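Tertiary structure, described
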Amino acid sequence: MKSPFSRFFGGGDKTVSEVKSEVEEVVHVVKNKPAEEVVKIPIDKIIPNRFQPRTVFDEDKIEELSRTIHTHGVIQPIVVRKFEDDHYEIIAGERRYRAMKKLDWTEVPAIVRNLNDKETASIALIENLQREELTAIEEALAYQQLLELHSLTQEALAQRLGKGQSTVANKLRLLKLPQTVQEAILRREITERHARALISIKDEATQNNLVALIKENDWNVRQLEEFIQQLTKPKEEKKEKPKRKAISKDIRIALNTIKQSLSMVTKSGINVKTEEEDTDDYYQITVRIPKKKA
């Protein structure tokens, strides 16, 4: 019988419903296998999951969970695996572990599973991806680790997670942002849409400055996009138009009269040549009339 991991990450085309069903099975098999025994493990012998995609834990929610555990106990034990030096590594249930640690428990109820690194990492990633509490960066890191663990393409991973390929690609693109910008996403100081707008800026210093402006001015995404558009808009070269010198009405009449007279001479068959020059002090017209008709 194939393991849920081989079915989930194996080849072949699958429908979205099939993929979702298999994802749920992977987590369910690990956390709810009825034949497994719940044991008590010293809390100081337990270490967090090294493959945990969640990097920021909401302390208020951990505190709330600890109060619930204090009142009602642990409804579901954590899942661990044996680790070096008589320690155990968490596979699933790190929030419960943190809550029990906050309550100063010396022992925690746990199910011990015999899993390798690849399986442990996969469960931690898939379990967290099923939740909606991950930030965009944590989700992107989870996708990246699954791609590397199982040598998948973005399209194959998207199919197995029941997501669009563009969704996976857009998340992974966030990992190209500077570390300071990624940390702002992790701390939920800016949104994923803010971050995606920042991708169009190639200069890291400018990206960091824009993050500061977002926080300082509480910009929404549209305001940021408008600012970036103005920032990246090419400067139009201003063509200097030649300044027209003001000419009085009387001078214009005089010039027009001279030009009309010269035009009449030209019509009579004489090849008149004229040169005009506009200086600061006067307007000069030079007329050359040949002595012989052309």
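A short tour of the structure in this document, coming up.

Calculation criteria
- Residues numbered from 1 in each chain as written.
- Predicted model: local features only at pLDDT ≥ 70, side-chain atom pairs only at ≥ 80, totals over all residues.
- Heavy atoms only, no water.
- Helix = DSSP H or I, 4+ residues; strand = E, 2+ residues; numbered from the N terminus.
- Buried < 20%, exposed > 50% of the residue type's maximum accessible area, 1.4 Å probe, protein only.
- Pairing = 2+ DSSP bridges.
- Contact = heavy atoms within 4.5 Å.
- Axes fitted to C-alpha atoms, helices over the stretch in contact; angles between N-to-C directions.
- Phe/Tyr/Trp six-rings, centres within 6.5 Å; stacked < 30°, edge-to-face > 60°.

**With respect to the environment of Glu 204**
Residue position: Glu 204 is located in helix 11 (residues 204–217). A relative accessible area of 47% means that Glu 204 is categorised as partly exposed. Distance from Glu 204 to Pro 178, taken between C-alpha atoms, is 6.5 Å for residues 26 residues apart in sequence.

**Examining the sheet that holds strand 3 (residues 78–83)**
Taken in spatial order, the five strands of this open sheet run 1-5-3-4-2, and their pairing is mixed. Two strands bound the open sheet, and with one partner strand each, they are strand 1 (38–42) and strand 2 (46–47). Two elements, strand 3 and strand 4 (residues 87–92), share five bridges in a ladder whose sense is antiparallel. Bridging across to strand 4, Lys 82 finds its partner in Tyr 88. This element, helix 5 (residues 117–129), spans strand 3 and strand 4 of the sheet and lies at about 40 degrees to strand 4.

**What about the packing of aromatic side chains?**
A ring pair, where both rings are aromatic, is described by two values, the distance of the centres and the angle of the planes. In the structure shown here, the tally under the stated rule is one aromatic pair. Ring geometry for Trp 219 versus Phe 227: centroids 5.0 Å apart, planes at 40 degrees, classification tilted. Residue Trp 219 is classed as buried on the basis of its relative accessible area of 15%. A relative accessible area of 33% places Phe 227 in the partly exposed class.

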